[in-house]
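# Coordinates in review
Listed below are the residues making up each chain.
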Amino acid sequence: EEAAGQGLIAGVNAARFARNEALVTLGRDQAYIGVMMDDLVTRTPREPYRMFTSRAEHRLLLRSDNAADRLTPVGRQWGTVCEDRWARFESRAAQIAGLNAVIDSSRVGSRPMREWIKAPDVAAADLKDAIAQSIGPGGAPAFSDGVIETVLAERQYEGYIRRHQAEARRQAEMERRRIPAALDFALIHGLRAEAREAMSRFRPATVGQAGRLEGVTPADLTLVLVAMARHRDGAAPSMA
């Protein structure tokens with residue numbers, strides 16, 4: 001699977017390169033392929049690389065039940081999703097929106113369903129029964145089991161998911177801060193030898209990549225950011 005994931009990204013980018021289109025990648029919060037590719041770029045594997053879920057800091061976002069929700073729009077942009085699959089994605093998205101509307105407007109006994117659903121002992125079967133009772137026979141169209149499971153997970157882990165999404169946005173901001181190719185890490189005053197060696201070896205393209213290198217601490221990143229500002233202003237970094 002690891003080789004297939006790399007081959008998929010390589011194949012997509014080979015086609016895009018031939019068409020003079022921008023090359024693409026996946027983020028660590030988008031897919032396990034993104035985690036794997038980033039690991040291979042920023043770390044030195046001591047053994048053949050295996051994609052364990054423990055490697056992903058945002059694995060709560062990278063669930064198997066929401067893989068199609070996460071990646072079908074991306075595949076559509078890349079030109080790898082056919083019309084049939086896109087139609088199925090849109091149908092599922094409509095079901096998810098409809099189910100969320102039912103949850104927000106219904107009650108289970110004396111409690112709003114949106115509060116009841118967050119109890120850890122509420123299972124997919126319980127939600128399915130509650131929806132049937134709320135809608136009534138012949139009401140809204142039935143929701144698939146997959147949609148019910150996904151919406152239940154999103155609701156029960158809503159607080160944690162928001163926290164992960166906020167962290168992902170912060171990391172995305174760091175990924176947008178590109179390190180000048182001409183920046184010489186050897187000249188950054190105060191940068192520890194381990195961090196200097198790692199950055200000089202891997203030449204991270206962004207601050208986000210630099211922060212994920214083994215041996216690089218938040219204090220090292222602060223020094224890099226200062227050096228980037230000096231470089232942008234035209235001043236050379238101080239000699240270490």
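Above this note sits the structure.
Definitions and cut-offs
Starting afresh in each chain, residues are numbered from 1 along the sequence in its written order. Totals for whole chains, interfaces and linings use every residue, but because this is a predicted model, local features are given only for residues with pLDDT of at least 70 and side-chain atom pairs only at 80 or more, for both listing and counting. With hydrogens and water excluded, all non-hydrogen atoms of the structure serve as input to the side-chain values. Site definitions follow a grid-based scheme: protein atoms alone, a 1 Å grid, a 1.4 Å probe that fits but cannot get out for cavities, and for pockets an open set with protein on both sides within 12 Å along at least five of seven lines, plus lining residues having an atom within 4 Å of a point. Grid points are joined across faces, edges and corners, and a volume is the space filled by probe spheres set on the points. In this text, helices come from DSSP runs of H or I with a minimum length of four residues, and strands from runs of E with a minimum of two, each type numbered from the N-terminal end. Note on residue categories: nonpolar means Ala, Val, Leu, Ile, Met, Phe, Trp, Tyr, Cys or Pro, charged means Asp, Glu, Lys or Arg, and polar means any other residue, Gly included. Every axis corresponds to a line fitted to the C-alpha atoms, with the helix fit spanning only the stretch in contact, and the corresponding angles, defined between N-to-C directions, vary from 0 to 180 degrees. Orientation is classified from the angle alone, with under 35 degrees giving roughly parallel, over 145 giving roughly antiparallel, 65 to 115 giving roughly perpendicular, and any other angle giving oblique. Here is the rule for handedness: rotate from the far helix to the near one, and if that takes an anticlockwise turn smaller than a right angle the crossing is left-handed, while a clockwise turn gives right-handed. By the convention used here, residues are in contact when the closest approach between their heavy atoms is within 4.5 Å. Here a polar contact is recorded for every N or O atom pair within 3.5 Å, except that within protein the pair must consist of a potential hydrogen donor and a potential acceptor, and residues adjacent in sequence are included only if both atoms are side-chain atoms. An expected span of 1.5 Å times one less than the residue number is assigned to each helix. We call a residue buried when its accessible area falls under 20% of the maximum for its residue type, exposed when it is over 50%, and partly exposed in between, using a 1.4 Å probe and counting protein chains only. Taken from the helix axis, the directions to the C-beta atoms give the arc we talk about. Whether two aromatic rings pair depends on their centres lying within 6.5 Å, for rings of Phe, Tyr and Trp, where Trp uses its six-membered ring; planes under 30 degrees apart make the pair stacked, over 60 edge-to-face, and the rest tilted.

## Regarding the layout of surface pockets
- Considered as a void within the structure, the largest pocket measures approximately 480 Å³ in volume.
- Lining the largest pocket are 18 residues, and of these T25, L26, G27, E175 and R212 sit closest to its centre.
- Put simply, the parts of the chain that give the lining of the largest pocket at least two residues each are α2 (32-42) and α8 (158-176).
- Among the elements that make up the lining of the largest pocket, the one with the highest residue count is α8 (5 residues).
- Here the lining of the largest pocket is built from residues that sort into 5 nonpolar, 7 polar and 6 charged.
- Along its surface, the second largest pocket is lined by 20 residues, and L8, L26, A31, I33 and L71 are the ones closest to its centre.
- Residue assignment for the lining of the second largest pocket shows that the elements contributing at least two residues are α1 (2-18), α2 and α3 (67-78).
- Per-element tally for the lining of the second largest pocket: the top contributor is α3, with 6 residues.

## Points about the packing of helix α4 (residues 83-105) against helix α7 (residues 145-156)
- Interhelical geometry of α4 versus α7 gives an angle of 55° and a closest axis separation of 10 Å. Comparing the axis directions of α4 and α7 gives the class oblique. Pair α4 / α7 crosses with right-handed handedness. Two secondary-structure elements touch here, α4 through R92, Q95, I96, L99, N100, I103 and D104 and α7 through G146, V147, I148, T150, V151 and R155.
- Each residue belonging to the contact of α4 with α7 can be placed in one class, and the counts come to 6 nonpolar, 4 polar and 3 charged.

## So, the side chain of R16
- The residue R16 is located in helix α1 in this model.
- Here A22 takes part through its backbone oxygen, which lies 2.6 Å from a polar atom of the side chain of R16.

## Observations regarding α8
- Over its 19 residues, α8 runs 27 Å from end to end, which matches the ideal 27 Å to within 8%, given 1.5 Å per residue.
- Regarding α8, the residues found buried are I161, A168, Q171 and M174. Angular distribution of buried residues about the axis of α8 spans 130°; they occupy a single face of the element. With respect to the buried face of α8, the exposed residues turned more than 90 degrees away are R162, R163, R169 and R176.
- Elements that come into contact with the buried residues of α8 comprise α7, α10 (207-211) and α11 (218-232).

## Topic: the packing of aromatic side chains
- The tally for this structure, following the rule as stated, stands at 1 aromatic pair.
- Arranged with centres 4.9 Å apart and planes meeting at 25°, the rings of W86 and F89 form a pair that is stacked. Pair noted here: W86 and F89 are both in helix α4, with a separation of 3 residues, about one helical turn. The same class applies to W86 and to F89, which are both buried.

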